[in-house]
Amino acid sequence: MEKNKQPLSIIKIGGNIIDNPAELTNFLADFSKIEGNKILVHGGGKSATKMAQSIGLVPQMIEGRRITDKPMLDVVVMIYAGEINKNIVAQLQANNTNAMGFSGADGNLIQSTKRNHPTIDYGFVGDVQKVNTPLLQTLINSGIVPVFCAITHDKNGQLLNTNADTIASELAIAASEVFEVTLNYCFEKAGVLTDVEDEDSVIQQINSELYSQLKEEGAIHSGMIPKLDNCFNSLSKGVQKIKIGHHRMLQNKAALHTTITL
Ligand SMILES: Nc1ncnc2c1ncn2[C@@H]1O[C@H](COP(=O)(O)OP(=O)(O)O)[C@@H](O)[C@H]1O
Ligand SMILES: CC(=O)N[C@@H](CCC(=O)OP(=O)(O)O)C(=O)O
């Protein structure tokens, strides 16, 4: 019989929260109040785009993934693994949360392979292959709160840019072998909406059938497509619960949000 697994909350925040200092501070204070085992995964795509443009690079995204040549890789490593990750860790420490910041290379926590696409050259973009679950478990059991950025490595010395939603999803899948995982995607809206312009149109529960229908109608588009694809993949591979919504849902269980079901 399977042993009772301890709960683990994995929370992902994206560029719109990170790019707004007041919102980020608010979020990190709330995150610190969450009891029990937790992991934070952050993106930062918006800040990377701004930095890249300021030095004359032309950012390009295809299907939610950034085309990452060598100059762009240098930017994303500096922004994600450097500026954003270290600032988040420092703010969490100020909130008495014993956070530790990681890229996938640290402790070989997330190994990936360079994306090999038949027609598109994504450059230095990684698809996750393996998570070092025993180390992750040791860190969490030692009271550390791991904070992951969107950088992984290929174990041959190459850093790779990896979508932060995918990192959260792959960590959740791996961790669900040893924990009972709830995955929370926090962004600036109240949940998955039937009308992106109407905050009152939150879909409280979405399954793959409704998702296909709304995608076809054009009601779900852009960044929400890879996010939901990741959700269905995680649920089918053992993640117990997934929610999408504003970070107020972490504190206030009654706050509107979307629950994903298969
Ligand atoms: N039906 C929908 N409901 C909510 N957001 C949607 C929907 N369809 C598209 N979106 C867009 O998806 C975005 C979230 O994805 P993304 O930009 O990748 O966010 P993050 O960086 O926070 O992960 C929202 O800002 C919104 O513009
Ligand atoms: C390969 C790839 O697309 N990587 C993403 C990683 C950051 C990210 O996912 O940030 P958000 O969560 O803020 O969108 C990128 O560079 O935009």
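As the structure is a computational prediction, the values presented were derived from the model and not from experiment.

**Things to note about the packing of aromatic side chains**
One pass over the full model with this rule turns up three aromatic pairs. Each ring, one from Y211 and one from F232, has its centre 5.4 Å from the other, and the planes form 35°; the classification is tilted. Placement of the pair is Y211 in helix α7 (residues 208-217) and F232 in helix α8 (residues 224-236), with a sequence separation of 21 residues. Like F232, Y211 is buried. Here the guanidinium or amino end of R115 rests over the ring plane of Y122, the centre of that ring lying 4.8 Å away.

**Some points on the site of ligand 1**
The environment of ligand 1 is made up of 18 residues, and the closest members are K12, E188, L193, A219 and K227. Here a nitrogen atom of ligand 1 and a backbone polar atom of H221 are 3.2 Å apart. Protein contact buries 82% of the 580 Å² of open area that ligand 1 shows by itself. Here ligand 1 occupies the largest pocket. Class assignment for the residues of the shell around ligand 1 results in seven nonpolar, six polar and five charged.

**Details of the UniProt feature "binding site: substrate" (unreviewed entry) in the protein**
The UniProt record marks G44, G45, R66 and N161 with the feature "binding site: substrate" (unreviewed entry), using the residue numbering of this structure. Of the residues just listed, which span 118 residues, no C-alpha pair is farther apart than 11.9 Å, and they cluster in one region. As for the lining of the largest pocket, the annotated residues named previously contribute G44, G45, R66 and N161. Positionally, G45 belongs in helix α3 (residues 45-54). Judged by its relative accessible area of 24%, G45 falls in the partly exposed class. Setting aside chain neighbours within four positions, we find G45 in contact with G15, R66 and Y80. The residue N161 is located in strand β10 (residues 159-161) in this model. Among all residues touching N161, those that are not within four sequence positions of it are R66, T68, L73, V76, Y80, F124, V125, G126, A150 and I151. Reaching out from N161, the side chain makes a polar contact with the side chain of T68 at a distance of 3.2 Å.

**A closer look at the layout of surface pockets**
Any empty space left between atoms is shown by rolling a water-sized probe over those atoms. Here the largest pocket is characterised by a volume of approximately 970 Å³. Residue lining of the largest pocket: 38 residues in total, with K12, G15, D165, G223 and K227 positioned closest to the centre. Elements with a contribution of two residues or more to the lining of the largest pocket: α1 (15-18), α3, β4 (65-66), α6 (164-175) and α8. Residues belonging to the lining of the largest pocket are distributed by class as follows: 15 nonpolar, 15 polar and eight charged. One number sums up the size of the second largest pocket: a volume of about 320 Å³. In this structure, the second largest pocket is lined by 17 residues; those nearest its centre are S9, I34, E35, L250 and K253. Secondary-structure elements contributing two or more residues to the lining of the second largest pocket are β1 (6-13), β11 (179-186), β13 (241-245) and α9 (248-251). Take the lining of the second largest pocket: its biggest share by element is four residues, from β1. Split into classes, the residues belonging to the lining of the second largest pocket amount to five nonpolar, seven polar and five charged.

**Things to note about the nonpolar core**
One finds L40, F148, L171 and L228 to be the most contacted residues of the largest nonpolar core, which totals 74 residues. Counting residues per element, this core draws most heavily on helix α4 (residues 70-94), which supplies ten residues. L171 has contacts with I10, I39, V41, I110, V131, L136 and F148, leaving out every residue within four places of it along the chain.

**Quick word on the pattern of salt bridges**
This model, assessed by the stated rule, comprises six salt bridges. Residue K50 is joined to D19 by a salt bridge in which the shortest nitrogen-to-oxygen separation is 3.0 Å. With a gap of 31 residues between them, K50 in helix α3 and D19 in the loop between α1 and α2 (21-33) connect regions that are remote in the sequence. Residue classification places K50 among the partly exposed positions, given a relative accessible area of 48%. Accessibility expressed as a relative area gives 25% for D19, which makes it partly exposed. Across the pair D165 and K227 runs a salt bridge whose closest N-O atoms are separated by 3.0 Å. Remark: K227 occurs in helix α8 and D165 occurs in helix α6; sequence separation between them is 62 residues. This pair shows no difference in class: D165 is buried, exactly as K227 is.

Reading the values: rules and limits
- Residues numbered from 1 in each chain as written.
- Chains lettered and ligands numbered in written order.
- Predicted model: local features only at pLDDT ≥ 70, side-chain atom pairs only at ≥ 80, totals over all residues.
- Heavy atoms only, no water.
- Phe/Tyr/Trp six-rings, centres within 6.5 Å; stacked < 30°, edge-to-face > 60°.
- Helix = DSSP H or I, 4+ residues; strand = E, 2+ residues; numbered from the N terminus.
- Buried < 20%, exposed > 50% of the residue type's maximum accessible area, 1.4 Å probe, protein only.
- Lys NZ or Arg CZ within 6 Å of the ring centre and 35° of its normal.
- Near = heavy atom within 4 Å.
- Polar contact = N/O pair within 3.5 Å; in protein donor to acceptor, adjacent residues only side chain to side chain.
- Areas by Shrake-Rupley, 256 points an atom, 1.4 Å probe, with all protein chains shown as cover.
- 1 Å grid on protein atoms, 1.4 Å probe; cavity = no way out; pocket = protein on both sides within 12 Å on 5 of 7 lines; lining within 4 Å.
- Sits in = over half its atoms within 2 Å of the grid points.
- Nonpolar A, V, L, I, M, F, W, Y, C, P; charged D, E, K, R; others polar.
- UniProt positions renumbered as here; feature names shortened; annotations may be inferred.
- Contact = heavy atoms within 4.5 Å.
- Points joined across faces, edges and corners; volume = space filled by probe spheres on them.
- Core = buried A, V, L, I, M, F, W, Y, C linked by side-chain atoms within 4.5 Å.
- Salt bridge = Lys/Arg side-chain N within 4 Å of Asp/Glu carboxyl O.

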